[in-house]
Every structure is written in C-alpha cells, then in structure tokens.
Amino acid sequence: MKKIILSVLSLAFLATSCDTDELINLNINPQAPSTIEMNFLMTSAQLGTASGGSRGDNRYIDWRTNIGMCAHAIQHIANTGASIAPGDKYNQDNGETNAAPWDFLYNDVLQNTGEIIRQTGPGGTVAGTRKNLREAARILRAYNFMRLTDYYGNIPYEEAIKGITDAIFFPKYTAQSVIYADLLKEVSEATTALSTSNPDEGFGNADLFYAGDIPKWKRFGNSLLLRLAMRISNVDAAKANEFVAKAVAGGVMTSNADMTFIKTALGPSEWTNQNGISRAFAFGDGGQQSALSKTLIDFLKNNNDPRLMIISGGVGGKDINPANQKGCPNGLDATTLDALVGKPGSNLMLEFSTINLKLLDDDDIYVFMNYSEVEFLLAEAAERKIGGVSDAAGHFAKGVKAALQQYPGYDASLAVSDADAATYVNANAYKGGIAGLEQIGTQMWASKFLNWWDAWADWRRTGFPKLVPVNYQGNLTGGTIPRKLRVPAGELASNQANFQAGGSLPNEYTTRVWWDKQ
C-alpha cells in the first residue's frame, strides 16, 4: 500500500488580464482526495506494524532487528557469517540494525495512528465519529511505542510526530518511566471505551486483526495492558499491581482463537503484503543464512518437546529424524565452524537443523501477541502475588498447552493433539517458587519463536532462560548479551541537544533500560 501524498500546486500569474478563478480551477485535480480515509490509515498501520511500513521493503525491519539482533541474542537461531546478525557475536555495529525500528515506526505506523487519533478527536475532520477506530488506533499506537521504548529506553514521545501539526521538528526526549505510565493509561482508557454499541463505520472491513470483532479487541487491549504492567513489575510494583488487576478484571485472551495476527498475502505487492520474516529468510530474496541455535534445539530435544519438528525443518532441511536434529552454537565463524564439524569448507545450512519452511511461506500469518503469553504472565503474576491473580500452576499449564497448539495458522499439519499436549504438560508440572519462575520464563521464551522482538524483552526482564553468552573476538559488549539498541546516528546528528537533555542513557549495547532490573 502506498501513502497518500497531498501536494499543493503553485499558481503562476502570467498576465494581469488572466481570470484568477479560472487559473485556480485549472490547478485543481478533481481526482485528488480532500481528506485522508481513516479506515485506510488503520489498515496501513496494521500492515506497517508487521512490516515496518509502506517504505518499499517489508523485510527491512525484521531482517535487521527482529532477526539480526533479537533472534540471535536470545539464541533461537545462530549465524556463522558476516551478515546482518549483531545479536550472534555482539560485534557487528550495523547502523541499519539500530536505525530500522526508529526510522520505520516513527515515519509510518506512528504517523498513521497519530493521524487517526487527531482526526477523530476534538477539531478533527471526523470528530465524534469512528469511535472504535479511534480506540483501536490508540491501542496500536501504544503497542508500537512500547516496542520503541523497549529497544532504546528514553525516546521522543510527548513531542513525537508533531512536525506537520505543531512544527516540532526536533522533539524532546521522555523518560521511559513517564512513557510507560502514559501507555498504561492510554491502553486502559482505550480498551474500556471500545464498545459494540458504537457504529462500525467501515472499521470491520479495515481491521486486519479481528475484522471489527470488538470483544476480541477488548481482550487484546487488556492482554497488552497485562504485558505492559508485568514489564515494569521489577521497578514499579504499585503500578504493576494496579494494572494487572485492571487487565484481568477487563478480560484478557482466553484461547488461541484470540491471538493477534494478520494474514499476509502474496499480492498485490510483495514489498507490502507479504510476510517480511519469510522474505528475509528466503533464498534468492532476503537469504538470511541462519540455522537453529544449539540452545533451542537442545531444549526441545531434552524435553521431548512436540515443537521440535514444528520449528525444525530437518538437518540441512532434509533429515527429519527427531533424534538427529542438532543446533549450531552461537558465536561461530567460518573457521571455528570448520573446527567444530571437523572438515574444511563446511556449510552452516547443511550441517545443522534449519527453520521449517512451513513457517516461512510468503503469505503466512504474522503474529503480534499469542494467547500463551497471557497465561504465562498470569502464572508469573500469581507466583509473585501481583494484581490479585491466583493459581500459578493452572495458568502455567494452560500457557504450555496453548504454546504447543498455536501453529496451525501457519500450516494445518503443525497441529499438536490434545493427548500429546497433555503428555507434555504432565511431564513438565509446575514447581513453584524460583524454580517455577524459571519454568515460566523458559517456556515463554520457547513460545515466542518468530516473535523475537518481545522474546528479547522478556529475557532482559526475567533473566530466563539462563543463556550462556558468547565471547567472540573483538565483540562490543565484553562478552555479554546486548540489552538495548543504540539510538541511530542520524538522530544523534540532528537532535543531539534533546538527546542529551532528555536524561539520555549511555548509547551502548550494554546499557540497561529503566525496567531492566532482575
């Protein structure tokens, strides 16, 4: 989808005898829209949340950041080359990895959701109408601002996206603690305001998440509220307690049918409509050369996990014997790979298990939030006595079962039966205490394959699973797993004063954001 560009044509007055009205009418394009269609902006914002936006390459943000940093840092996949994968060896200071979310989300998704909120609010072109569209846009805006602040820490927030409306071209930075307080308020208010009694006004046709199903939107909003509240639970216990209780009272997701995703499509544009993760890995398209990590494969094999051959497409993409699956250790290069396998010229993609291609079709679903995450967060809240939640063991069991059974949307053959799920759940009974929290964190980590953005945030907050970092020569972190992205060089060059004045964090991979306390 392409952005609507409104242009104003200059009028050249060539002679005083010319009729002014005729000249003006001559320069009016009768086919140009006089207003931007709000429903179009919502569809575009939802697509942009998956692909980064309509800026010409839906692979870009996934390839550079979701895959290159996050998937490798949390050791779901491993890479031996010099491709875009700073999360594997902590040494590739690739500017695009840091810039991709900043550039794509600020300049597309947040522009579109901001415009919806502005035009449906006081003084807007459609003020007082499209109420559910407005509240959904507030929730989607909060989702994307949460992603940005979790990556970078303090960011432009209150003054962001106001260049056109308020001529603020160099926005001030806002502390992450302040941002989170406002995100909690926004999501809580917007979710409460959603109502089936509001007229649809085309929202259902524009909504790629739930086709206008307001009860599902409310469950998504409350589930996002739960995520926000638990994300700050180590640094603001009072707010976490308040908003976990609100989320639960409002009603969170209750089954895999509530998962938040879009179904991507083969056309009309491969650059906008197709799945950016899939394209990043496709040979001849993105071509990201990464195998499954030894950390992940060992976890799945050691626990007789039914997801082993859902996630793995086989060793070298061919050997599908579960017993033969093997993952690549993170932090290898061509030389150390040859030493490991004992032969020169070894090929990462032939020696180890690779991602199941059934998860990588160009028109596969793109998931934003799983129901399994909700149950794991509730289990943690119950264990830590947050928000009045109880029954940690029950929520944990539901989360594990849901995680096993969340893949048929990619391909029907990836279904796990109730019997097989029950066997696995019974073999991994909840232990409680610190051991229970480790179980929750580890299972949540395993459940977020492909949703690596948020898995990285979970790991930074919980410390689980207990990953062993690599210490590749010349790495930038002293052999510790990266904990934030760097604010892009372009932003520092143009807005340095506000970056410094906004209580900026040290702009290094090793810096912890506000909530990153364990």
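Described in the following lines is the structure provided in the data block. (Residues numbered from 1 in each chain as written. Predicted model: local features only at pLDDT ≥ 70, side-chain atom pairs only at ≥ 80, totals over all residues. Heavy atoms only, no water.)

## Some points on empty space enclosed by the protein
Working step 1: Scanning the model with the defined rule gives five cavities of 30 Å³ or more in all.
Working step 2: By volume, the largest cavity amounts to about 140 Å³.
Working step 3: Contributing to the lining of the largest cavity are 16 residues, with V367, Y410, F449, L450 and N451 lying nearest its centre.
Working step 4: When residues of the lining of the largest cavity are traced back to their parent elements, those giving at least two are α12 (276–281) and β8 (365–369).
Working step 5: Here the lining of the largest cavity is built from residues that sort into ten nonpolar, six polar and no charged.
Working step 6: Roughly 120 Å³ of internal volume is contained in the second largest cavity.
Working step 7: Secondary structure elements with two or more residues in the lining of the second largest cavity: α6 (131–152), α10 (214–231) and α21 (452–462).
Working step 8: For the lining of the second largest cavity, the element with the highest residue contribution is α6, accounting for five residues.
Working step 9: The residue inventory of the lining of the second largest cavity, partitioned by class, reads six nonpolar, one polar and six charged. (1 Å grid on protein atoms, 1.4 Å probe; cavity = no way out; pocket = protein on both sides within 12 Å on 5 of 7 lines; lining within 4 Å. Points joined across faces, edges and corners; volume = space filled by probe spheres on them. Helix = DSSP H or I, 4+ residues; strand = E, 2+ residues; numbered from the N terminus. Nonpolar A, V, L, I, M, F, W, Y, C, P; charged D, E, K, R; others polar.)

## Structural notes on the pattern of salt bridges
Working step 1: Taken as a whole and assessed by the stated rule, the structure comprises 33 salt bridges.
Working step 2: Ionic pairing is found between D454 and R227, a salt bridge with its closest N-O pair at 3.4 Å. Placement of the pair is D454 in helix α21 and R227 in helix α10, with a sequence separation of 227 residues. Assigned by exposure class, D454 and R227 land together as buried.
Working step 3: One salt bridge in this structure joins K246 and E242, with 3.4 Å as the shortest N-O distance. A residue pair is termed a helical-turn pair when its members lie 3 or 4 positions apart in one helix, as K246 and E242 do in helix α11 (residues 237–250) at four residues.
Working step 4: K246 gets classed as partly exposed once you look at its relative accessible area, which sits at 38%.
Working step 5: Assessed through its relative accessible area of 38%, E242 is described here as partly exposed.
Working step 6: Salt bridges linked by common partners bring D150, R227, R231, E373, K448, D454 and D458 together as one network. (Salt bridge = Lys/Arg side-chain N within 4 Å of Asp/Glu carboxyl O. Buried < 20%, exposed > 50% of the residue type's maximum accessible area, 1.4 Å probe, protein only.)

## A short note on helix α8 (residues 176–193)
Working step 1: Taking 1.5 Å of rise per residue, the 18 residues of α8 would be expected to cover 26 Å, and the 25 Å separating its terminal C-alpha atoms lies within 8% of that figure.
Working step 2: What α8 keeps buried is the set Q176, I179, Y180, L183, L184, E186, V187, S188, A190 and T191.
Working step 3: Structurally, α8 contributes buried residues whose contacts are with α6, β2 (155–156), β3 (173–174), α10 and α11. (Expected span 1.5 Å × (residues − 1). Contact = heavy atoms within 4.5 Å.)

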